[in-house]
Amino acid sequence: MMLVRTLVDLRQAISGNQRRAFVPTMGNLHEGHLNLVREARAHGDCVIASIFVNRLQFAPHEDFDSYPRTLDRDCKQLLAAGCDIVFAPSEQELYPEPQGYVVQAPAGLGDVLEGEFRPGFFTGVCTIVMKLFQCVQPQVAVFGKKDYQQLMVVRNMVRQFNMPIDVVGIETERAEDGLALSSRNGYLSAEERAEAVQLSLALRRLIEAVKGGATDLAALEADALASLAARGWQPDYLTVRRRSDLALPPAGEAGAPLVALGAARLGTTRLIDNIEF
Ligand code: PAF
């Protein structure tokens with residue numbers, strides 16, 4: 001496996017007629033990321049992972065500075081998972097000048113849910129993903145369904161810009177108790193870690209209620225928010241959406257593929273999760 005830090009070295013490393021499968025990450029890797037790399041192995045003869053903590057997708061009050069940078073450990077894990085090239089550029093390398101051109105996700109997709117509670121987040125994600133795609137020029141890119149809306153936004157961007165890239169979505173990896181693996185789980189205290197699974201349990205209760213025939217989604221969501229808040233969480237949203245476009249499912253549209261999504265803060269850690277049904 002090769003570790004490259006500059007665009008010049010990356011271009012040299014990827015030259016040749018390989019089918020490139022790409023996994024963008026911000027590092028501090030866990031089993032969920034490694035599954036993406038293993039999946040990428042099945043899609044390309046050259047697997048490239050990037051590690052770059054992208055300032056553009058963090059709001060000033062968020063955890064950009066404290067986000068764990070664990071390059072040595074990440075590289076060992078990537079090697080074991082079958083990665084060929086790790087692209088870990090500096091900020092100066094990717095943003096040599098203030099980024100004047102940005103990619104903005106469309107209204108209705110980029111400004112709801114995560115986009116509503118983290119304004120600017122998807123502009124930061126789309127812009128860096130576009131830049132990374134330009135650098136790596138992959139034929140396949142692998143993203144986790146854990147960041148469900150991000151996966152949808154990236155797919156939408158690739159489609160609208162006619163980029164010749166297959167975007168593959170991979171199921172969320174969960175801990176034994178059901179907590180979705182996330183780099184931010186490391187911020188949780190022991191007590192918070194034990195409580196953290198309640199987010200996915202709240203989503204499961206929401207799903208059971210919908211499957212059981214309940215139709216007043218607004219009331220169900222309000223109950224779900226109140227029950228997490230009563231346990232000491234600060235929920236942003238718990239909601240059921242149409243999988244195709246993340247819109248609220250119109251009443252009477254039975255049988256459409258749905259997804260329950262949630263985001264909530266436990267102490268100072270913001271967790272997100274989703275379950276398709
Ligand atoms: O999901 C992430 O880790 C990031 O949002 C991504 C896609 C690597 C862009 O910085």
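Because the structure is a prediction, the values reported are computed rather than measured.

Trainee: Describe in detail the UniProt feature "binding site: (R)-pantoate" (unreviewed entry) in the protein, supporting the description with residues and values.
Mentor: The positions that UniProt labels "binding site: (R)-pantoate" (unreviewed entry) are, in the present scheme, Q57 and Q150. Separation in sequence by 94 residues is not matched in space for these annotated residues, since their most distant C-alpha atoms are only 11.6 Å apart. Position of Q57 among the secondary structure elements: in the loop between β3 (46–51) and α3 (71–81). A distance of 2.8 Å separates a polar atom in the side chain of Q57 from a polar atom in the side chain of N54. Inspection of the secondary structure puts Q150 in helix α7 (residues 148–160).

Trainee: Account for the UniProt feature "binding site: beta-alanine" (unreviewed entry) in the protein, with residues named and values stated.
Mentor: Within this numbering scheme, the UniProt entry marks Q57 as carrying the feature "binding site: beta-alanine" (unreviewed entry). Residue classification places Q57 among the buried residues on the basis of a relative accessible area of 10%. With residues near it in sequence (within four places) discarded, Q57 still touches M26, E62, R118, F121, G124, V125 and I128.

Trainee: Mind laying out the pattern of salt bridges, listing which residues take part and the relevant values?
Mentor: Inspection of the entire model under this criterion finds 15 salt bridges. Close ionic contact of E91 with R55 constitutes a salt bridge, the shortest N to O distance being 2.6 Å. One end of the pair, E91, is in helix α4 (residues 91–94); the other, R55, is in the loop between β3 and α3, and 36 residues separate them in sequence. For R55, a relative accessible area of 43% corresponds to the partly exposed category. Here E276 makes a salt bridge to R243, at a shortest N to O gap of 4.0 Å. Here the residue E276 occupies a position in strand β9 (residues 269–276), and R243 occupies one in the loop between β7 (234–242) and β8 (258–266), the gap between them amounting to 33 residues. Under the relative-accessibility criterion, E276 is labelled partly exposed at 26%.

Trainee: So what's going on with the environment of R174? Which residues, and what values?
Mentor: Structurally, R174 can be placed in the loop between β6 (166–170) and α8 (190–196). The partly exposed category is assigned to R174, whose relative accessible area is 24%. Along the backbone, R174 and D273 are 99 residues apart, and their C-alpha atoms lie at a distance of 10 Å. Filtering out sequence-adjacent residues up to four positions away, R174 remains in contact with L179, A180, L181, S200, R204, D273, N274 and I275. One polar contact links the side chain of R174 to the main-chain carbonyl oxygen of G178, over a distance of 2.9 Å. At 3.2 Å, the side chain of R174 forms a polar contact with the backbone oxygen of N274.

Trainee: Hey, could you go over the pairing of β8 for me, with residue numbers and the actual values?
Mentor: Within β8, 8 of the 9 residues are buried, leaving the element largely enclosed by the surrounding structure. The pairing of β7 with β8 spans 8 bridges and is classified as antiparallel. Each residue of the ladder has a partner; that of P235, found in β8, is A264. Taken together, β8 and the strand that follows it, β9, pair antiparallel across an intervening segment of 2 residues, in which G267 is found at a positive phi of about 60°.

Trainee: Quick one: what's the story with α7, residue by residue and with numbers?
Mentor: Over its 13 residues, α7 runs 18 Å from end to end, which matches the ideal 18 Å to within 8%, given 1.5 Å per residue. Taken across its 13 residues, α7 has 10 buried, putting it largely inside the fold. Taken together, the buried positions of α7 are occupied by Y148, Q149, Q150, L151, M152, V153, V154, N156, M157 and V158. Each element contacted by the buried residues of α7 is listed here: α5 (114–117), α6 (121–136), β5 (140–144), β6, β8 and β9. Phi for N162, located one or two positions after α7, is positive at around 50°.

Trainee: An account of unusual backbone geometry is needed here, citing residue identities and associated values.
Mentor: Working note: non-glycine residues mostly have negative phi, and peptide bonds are mostly trans. A positive phi angle is found at Q137, which is not glycine, with a value near 45°. Considering the arrangement of structural elements, one finds Q137 in the loop between α6 and β5. The phi torsion at L246 lies on the positive side, around 65°, for a residue other than glycine. Here L246 shows up in the loop between β7 and β8.

What counts, and at which threshold
Residues numbered from 1 in each chain as written. Predicted model: local features only at pLDDT ≥ 70, side-chain atom pairs only at ≥ 80, totals over all residues. Heavy atoms only, no water. UniProt positions renumbered as here; feature names shortened; annotations may be inferred. Helix = DSSP H or I, 4+ residues; strand = E, 2+ residues; numbered from the N terminus. Polar contact = N/O pair within 3.5 Å; in protein donor to acceptor, adjacent residues only side chain to side chain. Buried < 20%, exposed > 50% of the residue type's maximum accessible area, 1.4 Å probe, protein only. Contact = heavy atoms within 4.5 Å. Salt bridge = Lys/Arg side-chain N within 4 Å of Asp/Glu carboxyl O. Pairing = 2+ DSSP bridges. Expected span 1.5 Å × (residues − 1).

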